[in-house]
Amino acid sequence: MTKLKIGIIGGSGLNKLDILENKSIKDVTTPFGKPSESLVTGTINNVECVILVRHGTKHTIMPSSVNYRANIFALKEEGCTHILATTACGSLQEHIAPGDIVILDQFIDRTTKRIQTFYDGSDGAPKGVCHMAMHTPFCTKLSKILTETSTKLGFKTHSTGTVVTIEGPRFSSTAESKMFQLWGGHVINMTTVPEVVLAKEAGISYASMALVTDYDSWREGEEGVSVDVVLKIFKENAKKAETVLKNVISEIASHNWTELIQHNKEAVMNSVLSYT
Ligand code: ADE
């Protein structure tokens, strides 16, 4: 069986992820610059893991300024075969309530300022142009394991969900929020794109656990999302995410991933166009 290493990307509210044993801190840099924070390597139930805090431990990096390429490249260099991402999100649907967990399976990209590829022709970048297929952005097998673990632990978990990723850092107007509902969005955040896209280009199996903090700005008679609203539920959500992460790692490690890892690798190779 191929050796696994699991990268964990902690989102807003998950900057103090203290779930690793045998911890050590590793300062790294990449051809795309420095990742958001030092990597924290260690084990969970004897499985090798690497934690990276997306916005920095002091939450100083806004969504547009996160160096997504450096983050994914650093995890790839570290040998990560899988990434479990956590992200705070708003709900665009009545039946998805604050405190719920949504395992994302599709995205709608409303970002405007982010580089979405490693293959950009710059010095040190891999050669060619990469046109990754994006019909299945998230790893189905990993997402299923996440859903089953989270549900078994008693958390209200939605097994699928389309996330609308906005540029931010502002929240959406009511008109925008209602439009995203009409488009079929279930939840809304500021970071899944380009993170999931770059993970796919890197050949890493990526799944995302979205933790609902608010009802965004579409609900009649309510003021809509603000930092105040989001902060109220952060701690509770963080505890849930930590519990799921601690429990899901050994479950992931009990599966054979050899074929899937090979498939991911081939999918990338087959997506690069380059004439020599
Ligand atoms: N993160 C948490 N809640 C959000 C919302 N309503 N919109 C965008 N990002 C969010």
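Bear in mind the structure is a predicted one, so any value in this text is a computation, not a measurement.

Some points on the overall build of the chain
Then step 1. Scanning the chain from N- to C-terminus turns up 6 helices and 13 strands.
Then step 2. The C-alpha atoms of the chain give 18 Å as radius of gyration, which agrees with the globular expectation for 276 residues (19 Å, within 12%).
Then step 3. Along the longest, intermediate and shortest principal axes, the C-alpha atoms of the chain span 60 × 45 × 35 Å.
Then step 4. The proportion of buried residues among the 276 residues of the chain is 54%.
Then step 5. Of the contacts made within the chain by residues no fewer than 6 positions apart, 81% connect residues no fewer than 24 positions apart.
Then step 6. Summed over all atoms, the accessible surface of the chain reaches about 12,800 Å², with 53% contributed by carbon and sulfur.
Then step 7. Here the chain contributes 28 positive and 29 negative side-chain charges, whose respective centroids are spaced 3 Å apart.

Considerations on the UniProt feature "binding site: phosphate" (unreviewed entry) in the chain
Then step 1. Mapped onto this numbering, the UniProt entry gives "binding site: phosphate" (unreviewed entry) at Ser12, Arg54, His55, Thr87, Ala88 and Thr191. Judged by maximum C-alpha separation, these annotated positions cover 180 residues in sequence but sit close together in space, the widest gap being only 11.9 Å.
Then step 2. Tracing the chain through its elements places Thr87 in strand 5 (residues 82-91).
Then step 3. Judged by relative accessible area, Thr87 falls into the buried class, the value being 3%.
Then step 4. Not counting the four nearest positions on each side in its chain, Thr87 is found in contact with Arg54, Leu104, Asn189, Thr191, Thr192, Ser208, Met209, Ala210 and Leu211.
Then step 5. Here Asn189 takes part through its side chain, which lies 3.0 Å from a polar atom of the side chain of Thr87.
Then step 6. Judged by relative accessible area, which is 22%, Ala88 ranks as partly exposed.
Then step 7. Excluding its chain neighbours within four sequence positions, the residues that come into contact with Ala88 are Ser12, Ile188, Asn189, Leu211, Thr213 and Phe234.

So, the site of the ligand
Then step 1. Taken together, Ala88, Cys89, Gly90, Ile166, Phe171, Ile188, Asn189, Met190, Thr213, Asp214, Asp216 and Val225 make up the full set of residues near the ligand.
Then step 2. One of the backbone nitrogen or oxygen atoms of Gly90 is found 3.3 Å away from a nitrogen atom of the ligand.
Then step 3. The side chain of Thr213 places a nitrogen or oxygen atom 3.4 Å from a nitrogen atom of the ligand.
Then step 4. With 3 residues, the top contributor of residues to the shell around the ligand is strand 5.
Then step 5. In terms of residue class, the shell around the ligand is made up of 7 nonpolar, 3 polar and 2 charged.

Quick look at helix 5 (residues 227-253)
Then step 1. Between its terminal C-alpha atoms helix 5 stretches 37 Å, which fits the 39 Å expected from 27 residues at 1.5 Å a residue.
Then step 2. The largest bend along helix 5 measures about 40 degrees and falls at Phe234.
Then step 3. All of the buried residues in helix 5 are Val230, Ile233, Phe234, Asn237, Ala238, Lys240, Ala241, Val244, Leu245, Val248, Ile249 and Ile252.

Focus on the pairing of strand 12 (residues 205-214)
Then step 1. For strand 12, the buried fraction is high: 10 of the 10 residues fall into the buried class.
Then step 2. Note that strand 5 and strand 12 share 9 bridges and pair parallel. Its bridge partner being in strand 12, Gly90 is matched across the sheet by Asp214.
Then step 3. As paired elements, strand 6 (residues 101-103) and strand 12 share 3 bridges and run antiparallel to each other. Opposite Ile101, over in strand 12, you have Leu211 as the bridge partner.

Concerning the UniProt feature "binding site: substrate" (unreviewed entry) in the chain
Then step 1. Sites flagged by UniProt as "binding site: substrate" (unreviewed entry) map to Met190, Asp214, Tyr215 and Asp216.
Then step 2. Take Met190: it is sitting in the loop between strand 11 (187-189) and helix 4 (192-201).
Then step 3. Discounting residues that sit within four places of it in the chain, Met190 has contacts with Pro63, Tyr68, Arg114, Thr165, Ile166, Gly168, Pro169, Arg170 and Phe171.
Then step 4. The topology assignment puts Asp216 in the loop between strand 12 and helix 5.
Then step 5. In this structure Asp216 comes out as buried when scored by relative accessible area, which is 5%.
Then step 6. Other than its neighbours up to four places away in sequence, Asp216 contacts Ser91, Leu92, Ser172, Ser177, Ile188, Gly224 and Val225.

Observations regarding the packing of aromatic side chains
Given two aromatic rings, their pairing is described by the distance between the two centres and the angle made by the two planes.
Then step 1. Per the stated rule, a full pass over the model turns up 6 aromatic pairs.
Then step 2. Through a chain of ring-to-ring contacts, the aromatic side chains of Phe32, Phe73 and Phe118 assemble into a single cluster.
Then step 3. Geometry around Trp257 places Lys141 over its ring, the cationic atom sitting 4.4 Å from the centre.
Then step 4. Sitting over the ring of Tyr215, Arg219 keeps its end group 3.8 Å from the ring centre.

The rules we used
Residues numbered from 1 in each chain as written. Predicted model: local features only at pLDDT ≥ 70, side-chain atom pairs only at ≥ 80, totals over all residues. Heavy atoms only, no water. Helix = DSSP H or I, 4+ residues; strand = E, 2+ residues; numbered from the N terminus. Rg over C-alpha atoms; globule rule 2.2 N^0.38 Å. Buried < 20%, exposed > 50% of the residue type's maximum accessible area, 1.4 Å probe, protein only. Contact = heavy atoms within 4.5 Å. Areas by Shrake-Rupley, 256 points an atom, 1.4 Å probe, with all protein chains shown as cover. Lys, Arg positive; Asp, Glu negative; His and termini not counted. Charge placed at Lys NZ, Arg CZ, Asp CG, Glu CD. UniProt positions renumbered as here; feature names shortened; annotations may be inferred. Polar contact = N/O pair within 3.5 Å; in protein donor to acceptor, adjacent residues only side chain to side chain. Near = heavy atom within 4 Å. Nonpolar A, V, L, I, M, F, W, Y, C, P; charged D, E, K, R; others polar. Expected span 1.5 Å × (residues − 1). Bend = angle between axes of the 7 residues up to and from the residue. Pairing = 2+ DSSP bridges. Phe/Tyr/Trp six-rings, centres within 6.5 Å; stacked < 30°, edge-to-face > 60°. Lys NZ or Arg CZ within 6 Å of the ring centre and 35° of its normal.

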